[in-house]
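Residue-level structure breakdown
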Amino acid sequence: MRVTSDTKRETRERILAAARRLFVARGFEATTIRELAAEARIAAGTLFNYFDSKEALAVALVEEALDAGRADFRAKLRGGEELSEELFLHVVTGLRRLEAYRGLVGTVLETALSPFAHSGISQRGADLRLAHLEVVEELIAKAGATAAPSVGPVTLHLYWTLYLGVMAFWSGDESPQQEDTLGVLDESLRVFALALANPAPPTSGPATRS
Amino acid sequence: MEARIADLIASLPEELEEPTSAQAELARILADLASRPVPTGRVHRAWSLGTLSAKIAAGWMVTHVRGAFAGEEERTRRTNEQRLRAALAILGSMGYMRGAVMKVGQILANYPDLVPEQLTNTLAMLHFEAPPMHYALLGEHVRHELGAEPEELFESFEREAFAAASLGQVHRARTRDGDELAVKIQYPGIGRTIESDFKNLSILAAPMRLGPDGDNFAAQIAYVRDMLLLEVDYESEARFLERAREALSELEDVVVPRVFRDLSTRRILSMERLEGLHLTEWLATNPPQSERDRIGTLLNRATGRLFFSERLCWGDPHPGNVMVLEDGRLGLLDFGSCRSFDGHEWGLITLGVDGYREGGAKLREAMSVGCDLSAEQAADPERMKFLMAYAAWYWEPMAVGDEAFDFSDPDYIQRGMQLFGETSSRRYTRSHPVNLYNARFLYGVRVLCHLMKARVHAGTITHEELERAGI
Ligand SMILES: Nc1ncnc2c1ncn2[C@@H]1O[C@H](COP(=O)(O)OP(=O)(O)O)[C@@H](O)[C@H]1O
């Protein structure tokens, strides 16, 4: 049977829809590949043509949610906000879209977003990271960031570390409506914006003077 | 206005002769802080000032407790100090979230007797230092609390706060029905943080036995804790607002804001917005004597009505909480730290009223019961003389009969402050919370009247309100 790209896209979408339902209803751990395939009305083997693991499915869902969050972010941005507020809005619109998947964010952090992730899944993770950091870079550039001569890899790495930390915190946040996450995110981003605005003075290199 | 760290440190209570380990710890923390550059960023500064006022609050506690240890067994003393060290550690860590510790500072600042004036001034400034929540944070927080974002909930909602609150900030908004609101919003998570910190603190403080008058310190901590726990719960503030509004409904010239329950939660309080001038702003317009008398009279009438008829103590009499509205009415704000007296507490108050009416032995009895004195303490003539002087000061404005009492007299306020201070430094009273609330309330209202240089028929008002309440 010839599989057109249309059917392919349609099957992929059915699998994702099945994952959305089952992961949310039963939890990530408790859901099996077999159940996912049944829910999507395909053979388990076929599912592997699309996603090589349950984790890859989780990553795809998170990616999808974050893409939608990014669109929300663009729509909500009014202009004139301070950098820390824009960064906050960027993260929080993503979290909002992720709300239903809070239970599987931990898995995604451990697999795709871990610095030790294996290649297949880490490619998705790298894409996800890139898409997120592009916005961050754009926001920083827009803010002028006059005091920070260049947004180098260290700056972005620092940001990414904070971001993953906040995500990890959020995935386990037991406070009512995860209100503590809002505080942690706010403080993290303020600290980051502050670090950008007041870069450490250059340290004098070794042996420059006698 | 920026508080300089050096000023704050300079205004710490004096070292006691014999440094304790807790004091050494405090000294170390302070030295560490002093050696750091004063941060300039808005966020950063607020954060470290929060931490610093924690240290100052701790310093106050150390001194307070240390003084009470005199004559204690060495072993009891060590146990107490260990507890104190643990309490210090908690206080020190409380700076990680703004607001909480500033609030402790503010409360301490309301005890001019306990801390030098300079410290009081500096601490009083701190509550204007809270950094703002930006709209993205606020919108998300409101959505969590009320299920929708401000623009969906209100006809309009101003993104910038128009006033700071100790635990958050206040925004202007308009409802779909056209009501103009002040929406007070707490920083997310801060309420729970304060609750748990203070729970820990009072668990630590509870078993400390201090000096000859026993549980003074634990009572003070419990008092601070109770105040704070009330203030973090905007639902409790909403209930007080509603009670007060109802109780004062007959007073046409006094306004307590209406609460909008559908738009309020424990962390968000939507109220009718009062438009006018805060007391200090109003005084800056140089109102004539007759106006100052009128507002002072309304203030005495309203707070007296709440006190005697509603058994409600308006907790935080402070120029920022009094407004003169555009139409000349008196507006009362901030019912966060109200106290509703229970039966036992009310008994102590009516006993005080009986003492005032009958004088002599009855007044002595009221003072000794009210201050929870032992038979031996009540027999101490020095102590009794002092407490009677305090009672005389307390009732002085009422004792002038039908005449107006002139609150502009600085001597009256100074004597009050001195007595207020000595009560605590001599440890003449066991501080039943009712005394603390009562003293803070009454002293606060009188200071406000003094600021206004108001002449008020306090005796007539009090007698009428007592009669109205059937006391
Ligand atoms: N109903 C109101 N109408 C107008 N202004 C208000 C109202 N409620 C609060 N505010 C403003 O907000 C400030 C802080 O409010 P307040 O209730 O005193 O906060 P806190 O929680 O710190 O006690 C007030 O000093 C006042 O300027």
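Here, the structure is the one placed above.
Predicted, not measured: the structure shown is a model, and the values here were computed from it.

Residues and elements named next belong to chain B. Around the ligand, a shell composed of 18 residues is seen, among which S166, K184, L274, H278 and D334 lie nearest. Side-chain polar atom of K184 to an oxygen atom of the ligand: 2.7 Å apart, as the coordinates give it. In the model, a nitrogen atom of the ligand is placed 2.9 Å from a nitrogen or oxygen of the E272 main chain. Here the ligand has 550 Å² of accessible area as a free molecule, and 90% of this is covered by the chains.

Residues and elements named next belong to chain B. Overall, mixed pairing links the 4 strands, which are arranged 5-10-9-7 in an open sheet. Looking along the sheet, the strands with just one partner apiece sit at the ends: strand 5 (254-255) and strand 7 (276-278). Along the sheet, helix 13 (residues 289-310) contacts strand 5, strand 9 (322-325) and strand 10 (330-332); its crossing angle with strand 10, the most-contacted strand, is approximately 40°.

Quick look at the packing of helix 8 (residues 153-171) of chain A against helix 9 (residues 179-197) of chain A now. All names here are of chain A. Interhelical geometry of helix 8 versus helix 9 gives an angle of 170° and a closest axis separation of 10 Å. In terms of their interaxial angle, helix 8 and helix 9 are classed as roughly antiparallel. Together, T155, L158, Y159, L162, V166, F169 and W170 of helix 8 and D180, T181, V184, L185, S188, L189, F192 and L196 of helix 9 make up the contact between the two elements. Of the residues assigned to the contact of helix 8 with helix 9, the class counts are 11 nonpolar, 3 polar and 1 charged.

Turning to the environment of A:R26, a few remarks are in order. Residue and element names in this part refer to chain A. Of note, R26 is situated in helix 1 (residues 5-26). When neighbours within four sequence positions are excluded, R26 is seen to be in contact with T31 and E35. Separated by 2.9 Å, the side chains of R26 and E35 make a polar contact.

All right, on to the packing of aromatic side chains then. Residues and elements named next belong to chain B. Per the counting criterion, the structure on display carries 19 aromatic pairs over all chains. Look at F154 and F157: their rings are 5.5 Å apart centre to centre, the planes differ by 40°, and that puts the pair in the tilted class. Both residues of the pair, F154 and F157, belong to the buried class. Seen from their ring centres, W393 and Y443 are 6.0 Å apart, and the 40° between their planes marks the pair as tilted. Of this pair, W393 sits in helix 17 (residues 381-395) while Y443 sits in helix 19 (residues 433-452), and the two are 50 residues apart along the sequence. Taken together, Y390, W393, F405, F407, Y412 and Y443 form an aromatic cluster joined through their ring pairs. For the cation-ring pair, R446 lies above Y394, with the distance from its terminal atom to the ring centre recorded as 5.6 Å.

Right, let's get into the pairing of strand 4 (residues 180-186) of chain B. A regular strand carries its side chains on alternate faces of the sheet. All names here are of chain B. Counting buried residues in strand 4 gives 6 out of 7 residues, a clear majority hidden from the surface. Sheet topology places strand 3 (residues 168-174) next to strand 4; 7 bridges connect them, and they run antiparallel. Opposite V170, over in strand 4, you have K184 as the bridge partner. The turn joining strand 3 and strand 4, which pair antiparallel and follow one another in sequence, is formed by 5 residues; a positive phi near 90° is taken by G178. Bridging between strand 4 and strand 6 (residues 268-272) involves 5 bridges; their strand directions are antiparallel. Residue L181 lies in a different strand from strand 6, and its bridge partner there is E272.

The next subject is the interface of chain A and chain B. Counting residues at the interface gives 22 residues for chain A and 24 residues for chain B. For the pair chain A and chain B, the summed buried surface comes to about 2100 Å²; carbon and sulfur atoms form 47% of the total. Between B:E149 and A:K76 there is a salt bridge; the shortest N-O distance is 2.9 Å. Inspection of the region where chain A meets chain B yields 9 residue pairs in polar contact (both at pLDDT 80 or more). Sorting elements by how many residues they give to the side of chain A that touches chain B places helix 9 of chain A first, with 8 residues. Residue classes in the side of chain A that touches chain B are distributed as 6 nonpolar, 4 polar and 12 charged.

A few words on the pattern of salt bridges. Scanning the entire structure with this criterion turns up 39 salt bridges over all chains. Of the charged contacts, one joins B:R273 and B:E180 as a salt bridge, the two residues approaching to 3.0 Å between their closest N and O atoms. Of this pair, B:R273 sits in the loop between strand 6 and strand 7 while B:E180 sits in strand 4; the two residues are 93 residues apart in sequence, bridging distant segments of the chain. One continuous salt-bridge network, built from bridges that share partners, spans A:K76, A:R96, A:E99, B:E140, B:R143 and B:E149.

Let us now look at helix 8 of chain A. Residue and element names in this part refer to chain A. Its 19 residues place the ends of helix 8 26 Å apart at the C-alpha level, agreeing with the 27 Å of an ideal helix rising 1.5 Å per residue. By the burial criterion, the buried members of helix 8 are T155, L156, Y159, W160, Y163, L164, V166, M167 and W170. Along the axis of helix 8, the buried positions cluster into a sector of 165°, meaning they face one direction only.

What counts, and at which threshold
- Residues numbered from 1 in each chain as written.
- Chains lettered and ligands numbered in written order.
- Predicted model: local features only at pLDDT ≥ 70, side-chain atom pairs only at ≥ 80, totals over all residues.
- Heavy atoms only, no water.
- Near = heavy atom within 4 Å.
- Polar contact = N/O pair within 3.5 Å; in protein donor to acceptor, adjacent residues only side chain to side chain.
- Areas by Shrake-Rupley, 256 points an atom, 1.4 Å probe, with all protein chains shown as cover.
- Pairing = 2+ DSSP bridges.
- Helix = DSSP H or I, 4+ residues; strand = E, 2+ residues; numbered from the N terminus.
- Contact = heavy atoms within 4.5 Å.
- Axes fitted to C-alpha atoms, helices over the stretch in contact; angles between N-to-C directions.
- Parallel < 35°, antiparallel > 145°, perpendicular 65-115°, else oblique.
- Nonpolar A, V, L, I, M, F, W, Y, C, P; charged D, E, K, R; others polar.
- Phe/Tyr/Trp six-rings, centres within 6.5 Å; stacked < 30°, edge-to-face > 60°.
- Buried < 20%, exposed > 50% of the residue type's maximum accessible area, 1.4 Å probe, protein only.
- Lys NZ or Arg CZ within 6 Å of the ring centre and 35° of its normal.
- Buried area = accessible area lost by both parts, 1.4 Å probe.
- Salt bridge = Lys/Arg side-chain N within 4 Å of Asp/Glu carboxyl O.
- Expected span 1.5 Å × (residues − 1).
- Arc of directions from axis to C-beta.

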